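Spelled out from the first residue to the last, the chains are:
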Amino acid sequence: MQEMLGGTRITYLGHATFRIATAGGEQIIIDPFLSGNPQTPEELKQVDELDTILLTHGHFDHFGDTIPLAKETGATVISNFEIMSYLQGQGVENAQPLQKGGTAQIGGIKVTATNAFHSSSIQTENGSLIYGGEPMGYVLEFESGFRLYHAGDTCLFGDMQLIGELYNPNLAMLPIGDRLVMGPLEAAHATRLLGVNHVVPIHYSPEVLPIFTGTPEDFQKRLNDIAPGATVHVMQPGDDLAS
Ligand code: NI
Ligand code: MN
């Protein structure tokens, strides 16, 4: 695992949220759902230094603390065009677009936006919804060549095979909670299509939403039949992947 990570440190903050420290010393957060996230350890809710925020879509359990965090840290926020425009309107200075199919060099890492099938909107304080463009996943390629795929919120789709062929991720973070995203069966087939050897199940804790029914145990059971070569890494909030 250490060798694969090549100096990248990946910390799980619960649900679909990860903090990543690159070998070059950059700090990245994918989907900064922190203050409202019942899974995030208290001591990890506070973020002082941050270079990049990657947003998969606008739903509250992903968009989370994006605005205050971007303003406090000056981090670059990467999202689709619609969310970028919203952020700019809210006074976030360094919001940049990345759309599906596009790749950008963001600091020391290469970020590719991939497809995801879901919805995306931003809820305002009065409860109304603002169109949030299309949901996305991301492939991140680090300095060492380590490649990571975060699927975002999505159903299973056949073109995950293309993501595997084109970007050849070493590790995939896949939602398994069912109901709003893939369940264990679909996520096991996603693992097979991606051809990935290491997988981290995400977006399933009933602590966050009690309607989730998918479990890591069921995911492991499905994988035994569908993608037996893959290793599941069940991370607890606060865990580093290398630990
Ligand atoms: Ni969502
Ligand atoms: Mn979600």
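In case you missed it, the structure is sitting above this.
Model, not experiment: these values are computed from the prediction.

**Student:** How should I be thinking about the coordination of the manganese ion (ligand 2) in this particular structure?
**Tutor:** Tetrahedral coordination by four donors places them ideally at 109.5 degrees to one another around the metal; octahedral coordination by six donors ideally gives 90 or 180 degrees. Protein ligation of the manganese ion (ligand 2) involves Asp61 (OD), His62 (NE2), Asp153 (OD) and His203 (NE2), the donor distances falling in the range 2.2 to 2.3 Å. The distance between the manganese ion (ligand 2) and the nickel ion (ligand 1) comes to 3.1 Å, with Asp153 serving as a donor to both metals.

**Student:** Looking at this structure, I do not really get the sheet that holds strand 3 (residues 27-30). What am I missing?
**Tutor:** Strands pair in a sheet through their backbones, by hydrogen bonds, and they do so in one of two ways: parallel or antiparallel. Spatial ordering of the open sheet is given by 1-2-3-4-5-6, a layout of 6 strands whose pairing is mixed. A single partner strand is all that each edge strand has here, and the edge strands are strand 1 (9-12) and strand 6 (95-97). When the angles between neighbouring strand axes are averaged without regard to direction, this sheet yields 20°. Pairing between strand 3 and strand 4 (residues 52-54): 3 bridges, direction parallel. Directly across from Ile28, in strand 4, lies its bridge partner Thr52. Its contacts with the sheet put helix 3 (residues 66-73) on strand 3, strand 4 and strand 5 (76-79), and the angle it makes with strand 4 is roughly 165°.

**Student:** Explanation requested: the coordination of the nickel ion (ligand 1) in the structure shown.
**Tutor:** For the nickel ion (ligand 1), every protein donor is listed as His57 (NE2), His59 (ND1), His118 (NE2) and Asp153 (OD), and the spread of their distances is 2.2 to 2.3 Å. Around the nickel ion (ligand 1), the 4 donor atoms are arranged such that angles at the metal cover 88 to 179°; this shape is classified as irregular. Residue classification places His59 among the buried positions, given a relative accessible area of 17%.

Rules used in this analysis
- Within any chain, residue numbers begin from 1 and follow the written order of that chain's sequence.
- A letter from A marks each chain and a number from 1 marks each ligand, given out in the order of writing.
- Local features in this predicted model are restricted to residues whose pLDDT is 70 or higher, and side-chain atom pairs enter the listing and the counts only when it is 80 or higher, whereas totals over whole chains, interfaces and linings include all residues.
- Hydrogens and waters are ignored; side-chain quantities use all the structure's heavy atoms.
- Water is absent from the atoms considered, so a metal site may look incomplete; donors are defined as N, O and S atoms within 2.8 Å of the metal, or 3.2 Å for Na, K and Ca.
- DSSP-based pairing: two strands are paired if at least 2 bridges between them are found.
- Strands here are runs of E lasting at least two residues and helices are runs of H or I lasting at least four, both read from the DSSP assignment and numbered beginning at the N terminus.
- Think of each axis as a best-fit line through the C-alpha atoms, taken over the contacting stretch in the case of a helix, with angles from 0 to 180 degrees between the N-to-C directions.
- In this description, contact between two residues means that some pair of their heavy atoms is separated by no more than 4.5 Å.
- Square planar and octahedral sites, with four and six donors, are those where opposite donors lie more than 155 degrees apart and all other angles lie between 65 and 115, tetrahedral sites have four donors with every angle between 85 and 135 degrees, and the rest are irregular.
- The buried label goes to any residue with under 20% of its type's maximum accessible area, the exposed label to any with over 50%, and the partly exposed label to all in between, with areas taken from a 1.4 Å probe on protein chains only.

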